[in-house]
Amino acid sequence: MVKETKKPTSKKKTASKTASKKAPAKKPAKKPAVTARKKVTPKTPSVEAMLDNSNLRPTSFTEISRVHKSAMTAGRSSMVVTGSRHGEGTTILAHMLALRSAESGKKTLLIDLNMRNSFLTSLMGKESTGWALAGRTQEDTLEDLIHVSEENPNLYFMPAPSDDMSVRFLRDTQRARYFLDVLERQFDHVVVDTTPVTALNRFNVDSAMLGGAATRTTLVILSGKTPLDAIKKSVKILQDAGANLDGVVMNDWQSPSWKERLFKLIRPLQDRMPGLYNWLQHKIVHSKELEY
Ligand SMILES: Nc1ncnc2c1ncn2[C@@H]1O[C@H](COP(=O)(O)OP(=O)(O)OP(=O)(O)O)[C@@H](O)[C@H]1O
Ligand SMILES: [Mg+2]
């Protein structure tokens, strides 16, 4: 499904990466971690279940794990996931990264910050809710907005905000930084699903600005579809906003890799010749030649 590409090598990016490594330790937590579990999400599928039951079929879990490993190895961190244009797989990737992170034992918060298309909120079986950020005190841990997954106690979810006031509140880099800071103190990983960088975010939080406030930003590119100029423009916007763009993720959904094509080819063998099917599947999964 996805594969990583080489990281962009512009000077600015390198500088921001270095800066992020040397970044001073965040202020110690004033409030204890979120423990309240008032609301419980309906069953959130595991990565395996989601892949089995939908048309989402990355070549292997190795791929999402590899992306996860390189994107989210640092300590406590926030990751903004964005795309160049709509429908490139931003939400799918944010969801899968958060699931993988939770499955690896990290206390993970997934946030829907796309008011235009709150697909993630629906996927998680929730509804948008008023965040009322402007009226909150500095001690507020936002726990009333956070739902814990019934399936995975490490996975938490914050549905999209329904109030324009909160979106306006987050249009300021300092305030966005503070918002993420509050959450980073409570979770190992905070993953934010956002709108595309090049979209007119008149009624939405600006993903580039949010990227500037987060620890890291990942840009999703739809392989064979996203035009080069859109990618270049997105990278520039993100860098100008001070985002720590740690790399891009190619979503191969509409241009299947050789591995995916071969999986499709051997699928009829699954019931008739399970032994052969499993052997072939193993070979395909572990083949380095078929990697790209
Ligand atoms: N890797 C994938 N495998 C299967 N389907 C995919 C994949 N990536 C994207 N899709 C399909 O494309 C649709 C759009 O994906 P997604 O919602 O993640 O895009 P988006 O970039 O978040 O869009 P928007 O900017 O409008 O929120 C999904 O509903 C899903 O059906
Ligand atoms: Mg989306």
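Procedures and definitions
Residues numbered from 1 in each chain as written. Chains lettered and ligands numbered in written order. Predicted model: local features only at pLDDT ≥ 70, side-chain atom pairs only at ≥ 80, totals over all residues. Near = placed C-beta within 6 Å. Helix = DSSP H or I, 4+ residues; strand = E, 2+ residues; numbered from the N terminus. Nonpolar A, V, L, I, M, F, W, Y, C, P; charged D, E, K, R; others polar. Buried ≥ 20, exposed ≤ 12 C-beta atoms within 10 Å, placed from the backbone. Pairing = 2+ DSSP bridges. Core = buried A, V, L, I, M, F, W, Y, C linked by C-beta atoms within 7 Å. Contact = placed C-beta atoms within 7 Å. Expected span 1.5 Å × (residues − 1). Arc of directions from axis to C-beta. pLDDT = per-residue confidence, 0-100. Axes fitted to C-alpha atoms, helices over the stretch in contact; angles between N-to-C directions. Parallel < 35°, antiparallel > 145°, perpendicular 65-115°, else oblique.

## Some words on the site of ligand 1
Every one of the 18 residues lining ligand 1 counts as a neighbour, but Gly89, Thr90, Thr91, Ile92 and Trp253 are closest to it. Sorting elements by how many residues they give to the shell around ligand 1 places helix H4 (residues 90–103) first, with three residues. In terms of residue class, the shell around ligand 1 is built from six nonpolar, 11 polar and one charged.

## Topic: the environment of Gly87
The topology assignment puts Gly87 in the loop between strand S3 (77–83) and H4. Looking at Gly87, the number of C-beta atoms within 10 Å reads 14, which means it is partly exposed. Along the backbone, Gly87 and Pro196 are 109 residues apart, and their C-alpha atoms lie at a distance of 8.8 Å.

## Re unusual backbone geometry
The phi torsion at Ala132 lies on the positive side, around 50°, for a residue other than glycine. Relative to the helices and strands, Ala132 is located in the loop between helix H5 (119–123) and strand S5 (147–149). Judged by the 15 C-beta atoms lying within 10 Å of it, Ala132 falls in the partly exposed class. A positive phi is found at Leu142, a non-glycine position, where the angle reads about 65°.

## Re the pairing of strand S7 (residues 189–193)
Consecutive side chains of a regular strand alternate in pointing toward one face of the sheet and then the other. Among the five residues in S7, five count as buried, and that is most of the element. Burial along S7 is two-sided: the face carrying His189, Val191 and Asp193 and the face carrying Val190 and Val192 are both buried. As defined by bridge partners, S3 adjoins S7 across five bridges and the pair is classed as parallel. Looking at S7, one finds that Met79 is bridged to Val191. Pairing analysis gives five bridges linking strand S4 (residues 108–112) to S7, with the strands arranged parallel. When the bridges of S7 are listed, Asp112 appears paired with Asp193.

## Quick word on the nonpolar core
Of all hydrophobic cores here, the largest spans 58 residues; its most connected members are Val81, Leu109, Val191, Val192 and Leu210. Ranked by residue count, the leading element in this core is H4, at eight residues. Beyond its immediate chain neighbours, meaning those up to four positions away, Val191 contacts Met79, Val81, Ala94, Leu97, Ala98, Thr108 and Leu110.

## Points about helix H9 (residues 228–240)
Relative to the 18 Å expected for 13 residues at 1.5 Å per residue, H9 spans 18 Å between its end C-alpha atoms, a close match to the ideal helical length. When H9 is considered as a whole, its buried residues turn out to be Ser234, Val235, Leu238 and Gln239. All buried residues of H9 fall inside an arc of 125° around its axis, so they share one side. The outward face of H9, more than 90 degrees from its buried face, is lined by the exposed residues Asp229, Lys232 and Asp240. At the C-terminal side of H9, Gly242 shows a positive phi close to 85°.

## Concerning the confidence of the model for the protein
Residues of the protein with pLDDT of at least 70 account for 74%, and the chain-wide mean is 79. Per-element confidence in the protein is highest for strand S6 (residues 155–158), whose mean pLDDT is 98, and lowest for helix H1 (residues 11–22), whose mean pLDDT is 38. In the model, residues 3–61 has pLDDT below 50 throughout and makes 87 contacts with residues more than four positions away in sequence or in other chains.

## Here's the deal with the packing of helix H10 (residues 258–266) against helix H12 (residues 274–285)
Running from N to C, H10 and H12 cross one another at 175°; their axes reach a closest spacing of 10 Å. The orientation of H10 relative to H12 falls into the category roughly antiparallel. Contacts from Lys259, Leu262, Phe263 and Ile266 in H10 reach Tyr277, Leu280, Gln281 and Ile284 in H12. Its residues assigned to classes, the contact of H10 with H12 shows six nonpolar, one polar and one charged.

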